[in-house]
Amino acid sequence: TIQPLQGRVAVVTGASSGIGAASAEKLAGLGAHVAVLARRADRLTELVDRIGKNGGSATAIPGDVTDTGALQAAADQVAAEHGGADLLLNNAGVMLPAPVEELAVDQWKHQIDLNITGLMNAIAAFVPQLVKTGGERGVADLINMSSIGAQNIFPNFAVYSGTKAYVTHLSRHLRVELGPKNVRVSALEPGIVGTELQDHVTDQGAQDWLAGSKDTIEWLTPQDIAETVGFLASLPPRVNLQQVTIMPTAQP
Ligand code: NDP
């Protein structure tokens, strides 16, 4: 039987844990070759081994998405080895909520540098390939990881949510530009998903808020989001889900 993503070449940033790792496994399970990017090379190697044991195909490309040179080298490698990517899951990100008056400017900068500039670096490196493969193969996908924070208001999430509002709005614009070139653009907006994302939070109030949420709400799993990523990529080429919000049932 031919798998839905047979012959496709996917790149997943932030693939060493959480949503990125689960999505890489899902895309490989559907038949795509998957190039996985993140900084932790050991995690990527474990992921590639796991995908291989399950009958899939993957390549580890360790690197930092805030480094434009590293991303361009990754793009060159994907082009040389697989003829270019036809799917980018632009997923690497960090969430550091805190009251604005704490003036945690280093954390503001970290979120902006990764969630906005890092995402743009991956776009710069891979959109030329998506346009080329979209033209040749009839469909390519740019899936940007946004958040429900792009839509709803949560206390102390202003900077993070601002970066994700950027991602959602950018995606809507890019969809109009790239759709006519057979590149589908989607923004995914998950509610809360249990991953390492929460482990990086340093503000005590935000930690307490997250702990309270975990006690009262059954959080989504990375696999829940990966299912949607696989679904988007498997749709007929004429169908583009512009924006998908995925919430835990009990999250307001
Ligand atoms: P994780 O912390 O588990 O994953 C984040 C990934 O980003 C890791 O693989 C990390 O790998 C990678 N990363 C971090 N910094 C860099 C960098 N400079 N260069 C390359 N990769 C980097 O969290 P999630 O899986 O939850 O997060 C994935 C995305 O989903 C993020 O954009 C997040 O904002 C979004 N999201 C998450 C939600 C949630 O509740 N969990 C809800 C809505 C959206 P490494 O450290 O090895 O580089």
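Structure shown above.
About the criteria used
- Residues numbered from 1 in each chain as written.
- Predicted model: local features only at pLDDT ≥ 70, side-chain atom pairs only at ≥ 80, totals over all residues.
- Helix = DSSP H or I, 4+ residues; strand = E, 2+ residues; numbered from the N terminus.
- Rg over C-alpha atoms; globule rule 2.2 N^0.38 Å.
- Buried ≥ 20, exposed ≤ 12 C-beta atoms within 10 Å, placed from the backbone.
- Contact = placed C-beta atoms within 7 Å.
- Core = buried A, V, L, I, M, F, W, Y, C linked by C-beta atoms within 7 Å.
- Near = placed C-beta within 6 Å.
- Nonpolar A, V, L, I, M, F, W, Y, C, P; charged D, E, K, R; others polar.
- Pairing = 2+ DSSP bridges.
- Axes fitted to C-alpha atoms, helices over the stretch in contact; angles between N-to-C directions.
- Parallel < 35°, antiparallel > 145°, perpendicular 65-115°, else oblique.
- Left-handed = near helix turned anticlockwise from the far one by under 90°.
- Expected span 1.5 Å × (residues − 1).
- Arc of directions from axis to C-beta.
- Right-handed = clockwise from strand over helix to strand, strands pointing away.

Caption draft 1: Focus on the overall build of the chain. The number of helices and strands found in the chain is seven helices and seven strands. Tracing the chain from N to C terminus, the helices and strands come up as β-α-β-α-β-α-β-α-β-α-β-α-α-β. The C-alpha radius of gyration of the chain comes to 17 Å, within 12% of the 18 Å expected for a compact globule of 252 residues. Projected onto the principal axes, the alpha-carbon positions of the chain cover approximately 50 × 40 × 35 Å. Residue burial in the chain is summarised as follows: out of 252 residues, 44% are buried. Residue pairs in contact within the chain that sit at least 24 positions apart in sequence constitute 74% of those at least 6 positions apart.

Caption draft 2: Quick look at the nonpolar core. Membership of the largest hydrophobic core comes to 61 residues, with the highest contact counts inside it found for Ala10, Val11, Ala24, Leu27, Val34, Val36 and Leu88. At seven residues, the largest contribution of residues to this core is made by helix H4 (residues 105-137). Every residue in contact with Ala24, bar those within four places of it in the chain, is listed here: Val12, Ala15, Val34, Val36, Leu47, Ile51 and Ala58.

Caption draft 3: The site of the ligand, seen in detail. Residues in contact with the ligand amount to 30 residues; listed here are only the nearest, Gly14, Gly18, Arg39, Arg40 and Gly93. Where the shell around the ligand is concerned, the elements lending two or more residues are helix H1 (18-29) and H4. Among the elements that make up the shell around the ligand, the one with the highest residue count is H1 (three residues). Broken down by class, the residue content of the shell around the ligand amounts to 13 nonpolar, 12 polar and five charged.

Caption draft 4: Representation of the sheet that holds strand S2 (residues 33-38). Pairing within the open sheet is parallel, and its seven strands lie in the order S3-S2-S1-S4-S5-S6-S7. Looking at which strands have only one partner, the edges of the open sheet turn out to be strand S3 (57-62) and strand S7 (243-246). Each adjacent strand pair in this sheet contributes to an overall mean axis angle of 15°, direction not counted. Of the strand pairs in this sheet, S2 and S3 are connected by six bridges, and their pairing is parallel. Paired with Ala38 across the strands is Pro62, a residue of S3.

Caption draft 5: Just the packing of H1 against helix H7 (residues 222-234), in detail. At their nearest, the axes of H1 and H7 sit 8 Å apart, and the two run at 45° to each other. Of the possible angle classes, the one that applies to H1 and H7 is oblique. Between H1 and H7 the crossing geometry is right-handed. Residues Gly18, Ile19, Ala21, Ala22, Ser23, Glu25, Lys26 and Leu27 of H1 lie in contact with H7, whose contacting residues are Pro222, Gln223, Ile225, Ala226, Glu227, Val229, Gly230 and Ala233. When its residues are assigned to classes, the contact of H1 with H7 shows nine nonpolar, four polar and three charged.

Caption draft 6: Region of interest: unusual backbone geometry. Positive phi values are uncommon outside glycine, yet Leu103 reaches one of about 50°. Despite not being glycine, Asn156 shows a phi value in the positive range, around 80°. As for its placement among the helices and strands, Asn156 is situated in the loop between strand S5 (140-145) and helix H5 (158-178). Owing to 18 C-beta atoms within 10 Å, Asn156 belongs among the partly exposed residues under this scheme.

Caption draft 7: A look at H7. With 13 residues, H7 should reach 18 Å at 1.5 Å per residue; the first-to-last C-alpha distance of 19 Å fits that figure. By the burial criterion, the buried members of H7 are Pro222, Ile225, Ala226, Val229 and Ala233. Looking straight down H7, one finds its buried side chains confined to an arc of 105°; they lie on one side. On its buried face, H7 is in contact with H1, strand S4 (87-90), S5, strand S6 (183-190) and S7.

Caption draft 8: Just the pairing of S4, in detail. The alternating pattern of S4 places Leu87 and Leu89 and Leu88 and Asn90 on opposite faces, both of which are buried. When strand S1 (residues 9-13) meets S4, the two strands line up parallel, connected through three bridges. Across the sheet, Val12 pairs through a bridge with Leu89, a residue of S4. The pairing of S4 with S5 spans four bridges and is parallel. Residue pairing across strands places Leu89 opposite Ile143, the latter belonging to S5. Regarding the hand of the β-α-β motif, the stretch spanning S4, H4 and S5 is right-handed.

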